[in-house]
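Survey of secondary and tertiary structure
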Amino acid sequence: MVEGGIAKADKTEFTECWRTSWRTPYIMRLALSAGIGGLLFGYDTGVISGALLYIREDFESVDKSTLMQETIVSMAVAGAIIGAALGGWITDALGRKKSILIADFLFLVGAIVMAVSPAPWVIIVGRIFVGLGVGMASMTSPLYISESSPARIRGALVSTNNLLITGGQFLSYLINLAFTKAPGTWRWMLGVAGVPAIVQFVLMLSLPESPRWLYRKDKVEEARAIFEKIYSAEEVEDEMRALKESVEAEKAEEMAIGESSMIGKVKKAWGNDVVRRGLYAGITVQVAQQFVGINTVMYYSPTIVQFAGFASNKTALALSLVTSGLNTVGSIISMVFVDRYGRRKLMIISMFGIITSLVVLAGVFFQASANAPGISKIESSHFGGNATCLGYMKAEDASSWNCMTCLTSDCAYCSNGADKFSPGACLASGNDIRSVCRAEHRTWYTNGCPSKVGFLAVILLGLYIISFSPGMGTVPWILNSEIYPLRYRGIGGGIAAVSNWVSNLIVSETFLSLTEALGSAGTFLLFAGFSFIGLIAIYFLVPETKGLQFEEVEKLLQKGYKPTSKKKKSPKDDASD
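The model shown is predicted, which means the values in this text are computed figures rather than measured ones. (Residues numbered from 1 in each chain as written. Predicted model: local features only at pLDDT ≥ 70, side-chain atom pairs only at ≥ 80, totals over all residues. Heavy atoms only, no water.)

What to know about the environment of Glu544
Turning to its location among the elements, Glu544 is positioned in the loop between helix H24 (489–541) and helix H25 (550–559). Note: C-alpha distance between Glu544 and Gly342 (202 residues apart in sequence) is 6.6 Å. A polar side-chain atom of Glu544 sits 2.9 Å from the main-chain amide nitrogen of Arg343. One polar contact links the side chain of Glu544 to the main-chain amide nitrogen of Arg344, over a distance of 3.1 Å. (Helix = DSSP H or I, 4+ residues; strand = E, 2+ residues; numbered from the N terminus. Polar contact = N/O pair within 3.5 Å; in protein donor to acceptor, adjacent residues only side chain to side chain.)

Here is the structure:
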């Protein structure tokens, strides 16, 4: 690689990953065992979307409070912010392996607490514990895999972590569907997360620490022993030599500036040109990943499906399973192409697809709202005066009300008995009235209205997911596992992960409130605007790291990155063509 250029990766394709793993199964064992943290991460992300539907049915205080619903969802994110912040320090101080073990313990405690919760506040406590584990796993698992992987297949192997995240989300929807008729519904849904946590804990006990972390702690022979299981004899020497140069340079820098507190380390990291430029890129992609709105889809997917007019909990969960399955497919696509076409290109293509899907989705929700069934005075009075929505009874313009007006007035809509698209009843929201409505074989709506274009919203959600997953779903974690110098990798990854979770918290805590204030169409249009800003930021701030050794990434950042700079080939590149 020459100044301003990026070396061409040698056979960095998906098939090379499987070929290398077949020859050296130890590599895949490391990746899959650590990747269970991704499975837990994904399961927790997906399971709450279905569990929330049944928590609302068990606790009326939750059903009547948008804030309480947002809090139950987002407290895991709040815990993840703390977990990611602590994870950056723990991974550097205690090692990557111990960080994963601690995350598993927190997952297990949180799952048990949620499963036995007698009240909503106990669910929230359990969500915080799970969030702590999620936050640690979100940055430690890909870091462990990255540091235990050959550079030529590093992207594909780190993608296994994201594949397991999306696989965990898909599994959560299957579990949700499996327990829809079981006593305790949501308790089983939330409690099952403890099983894979136990499995990973046992598996990780038999695996070594990250070789790069061991070398950093002067355990050179232990690091060499692990490299010998991963690389050929010639590659081991090259890897050890490159690592030695990098660590010696870092230790010389430490001797010059001395040891410091966590805050001091963060300040010094920010003062380092290479780390700061890495953080520009790492934080940009993590914030952009959240503000495209992905976790509103993952946390509230069944609710969004209900916005589109599918009122049944089971139907909403089944349709959400389709979008979750597409997310898993997208992760496989990423594994195939991330080391062939590069990180930057996949993210830019992904953002174009996301923006297009969100704009069209907003249009569909606008049409669904504008053409919602009207409210019939006869239908509303059919259930008795005490059952009719108070706001509708007092409204001077009651004749202009439709289903959406009824729902935005904190009431519920009971469909017409003969034809759900004909004018129906606007009723007070309550479990007793809901039971009366359903007893007449009518459909009870609280989140959305009957719509003839609702199926288009589900299709567009699928297109949105398949646009997001291969690029913005996977690549931000890959990029953050490889863009920082070794000494700052835990701190840098922790800062970027915290930025991801803070953004996640903002989005998840405000989504339902935004839909109440702006409507579904306005909310998705807002996310499209955020996505466009993210696309611009990625274009100007994020370099390509495909196929580069960690030391080469560091040299690339030392020079500074400009999107208009032309790539040059070195003699080494020509030899690899």
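Brief notes about the pattern of salt bridges
Counting across every chain of the model gives ten salt bridges. Between Glu482 and Arg343 there is a salt bridge, with the nearest N and O atoms lying 2.8 Å from each other. Within this pair, whereas Glu482 is found in helix H23 (residues 475–482), its partner Arg343 is found in helix H17 (residues 343–370), the two being separated by 139 residues in sequence. For the pair Glu482 and Arg343, one class covers both residues: buried. Between Glu440 and Arg442 there is a salt bridge, with its nearest N and O atoms 3.1 Å apart. When its relative accessible area of 35% is taken as the criterion, Glu440 is described as partly exposed. With a relative accessible area of 11%, Arg442 lands in the buried category. (Salt bridge = Lys/Arg side-chain N within 4 Å of Asp/Glu carboxyl O. Buried < 20%, exposed > 50% of the residue type's maximum accessible area, 1.4 Å probe, protein only.)

A look at the domain arrangement of the protein chain
You can read the domains of the protein chain as domain 1 (13–207), domain 2 (261–370 + 452–561) and domain 3 (373–450). Centre-to-centre separation of domain 1 and domain 3, based on C-alpha positions: 40 Å. Between domain 1 and domain 3, the residue contacts involve four residues of the former and five residues of the latter. Here domain 1 is connected to domain 3 by zero salt bridges. (Domains from an automatic or database assignment. Contact = heavy atoms within 4.5 Å.)

Thoughts on the sheet that holds strand S1 (residues 412–414)
Here three strands make up an open sheet; going across it, the order is S2-S1-S3 and the pairing antiparallel. If you trace the sheet from one side to the other, it starts and ends with strand S2 (425–427) and strand S3 (444–445), each paired once. Where S1 meets S3, two bridges bridge the pair, whose relative direction is antiparallel. When the sheet's bridge partners are listed, Cys414 is paired in S3 with Trp444. (Pairing = 2+ DSSP bridges.)

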